[in-house]
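Residue-level structural notes
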Amino acid sequence: VRKLGSGLASVVLVCGLALFVGQRYVPLNYWLADQRTATGEQRTLKLADGTVINLNTHSAIDVRFDEKRRLIVLQEGEILVETGHNDARPFFVETREGSLRALGTRFIVKREEDGTRLSVLQSAVGAQPEALHQEQIFKEGQQVLMRRDSLGPMLAVSPGTDAWTRGMLVVDNARLGDVVAELSRYRTGYLGVDKQV
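**Topic: the overall build of the protein**
Secondary structure summary: the protein contains three helices and 13 strands in total. Each of the 197 residues in the protein was classed as buried or not, and the buried ones make up 36%. Sequence separation of at least 24 residues holds for 37% of the intrachain contacts in the protein that already meet a minimum separation of 6. Summed over its atoms, the accessible surface of the protein is roughly 12000 Å², and 54% of this surface lies on carbon and sulfur atoms.

Encoded structure:
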């Protein structure tokens, strides 16, 4: 019994350490998501309401539709959403930073280190940070970084924002380190630039 107990304790300890380390690099929400893509993989989903969602590399979503609303929870990564128009229920995308309400539209939502980036490609989207009680509307060609307690400055959507859906990366006047960092999202292993460059 003593050997069995110590063996069981060892297994629990190893599993706990693996979960702790794994949660730091690949969160549990990613593994438990309804739909996810691996590093370098992209996928297109068509939902029951006619909505089309493109998942970029290493992305994860939960789909939670009920009688009152259509909800997508973006756990990790980046998605392009084209909402279905034959459904009267409101359409939302939620992240840890807040909620985005589609207004008959096509838009990109990307989880970044310091928040959630919204890029509106068509029509409009309402953005409401978690800690605020007021929604702000962003229109076609506008983008914003949403944090839990604020919305960043409104910027123009850069050309090629949705190029990843066609297997391309569009770069114009960018630092080499930023380009390599973007490329590294699409492959496993280390990809970097010498700090002297």
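**Some words on the layout of surface pockets**
In this structure, the largest pocket occupies an estimated 1500 Å³ of space. Residue lining of the largest pocket: 41 residues in total, with Glu78, Lys110, Glu112, Glu182 and Arg185 positioned closest to the centre. Mapped onto the lining of the largest pocket, the elements with two or more residues apiece are β8 (98–112), β9 (115–129) and α3 (176–184). Broken down by element, the residue count for the lining of the largest pocket peaks at five residues, all from α3. Looking at the lining of the largest pocket, its residues break down into 16 nonpolar, 13 polar and 12 charged.

**Notes on unusual backbone geometry**
One non-glycine residue, His58, lies in positive phi territory at about 45°. One non-glycine residue, Ser123, lies in positive phi territory at about 65°. Among the secondary structure elements, Ser123 is positioned in strand β9.

**What about the environment of Gln122?**
For Gln122, the location among the structural elements is in strand β9. On the basis of relative accessible area, Gln122 is assigned to the partly exposed category, the value being 44%. For the pair Gln122 and Arg106, spaced 16 residues apart in sequence, the C-alpha to C-alpha distance is 5.0 Å. Residues in contact with Gln122, not counting those within four places in the same chain, are Thr105, Arg106 and Glu140.

**Comments concerning the packing of aromatic side chains**
Counted by the stated rule, this structure contains one aromatic pair. Geometrically, the ring pair formed by Tyr30 and Trp31 is edge-to-face, given 5.1 Å between the ring centres and 80° between the ring planes. Residue Trp31 is classed as partly exposed on the basis of its relative accessible area, which comes to 47%. The cationic tip of Arg69 hangs over the ring face of Phe92; the distance from NZ or CZ to the ring centre is 5.7 Å.

What counts as what
- Residues numbered from 1 in each chain as written.
- Predicted model: local features only at pLDDT ≥ 70, side-chain atom pairs only at ≥ 80, totals over all residues.
- Heavy atoms only, no water.
- Helix = DSSP H or I, 4+ residues; strand = E, 2+ residues; numbered from the N terminus.
- Buried < 20%, exposed > 50% of the residue type's maximum accessible area, 1.4 Å probe, protein only.
- Contact = heavy atoms within 4.5 Å.
- Areas by Shrake-Rupley, 256 points an atom, 1.4 Å probe, with all protein chains shown as cover.
- 1 Å grid on protein atoms, 1.4 Å probe; cavity = no way out; pocket = protein on both sides within 12 Å on 5 of 7 lines; lining within 4 Å.
- Points joined across faces, edges and corners; volume = space filled by probe spheres on them.
- Nonpolar A, V, L, I, M, F, W, Y, C, P; charged D, E, K, R; others polar.
- Phe/Tyr/Trp six-rings, centres within 6.5 Å; stacked < 30°, edge-to-face > 60°.
- Lys NZ or Arg CZ within 6 Å of the ring centre and 35° of its normal.

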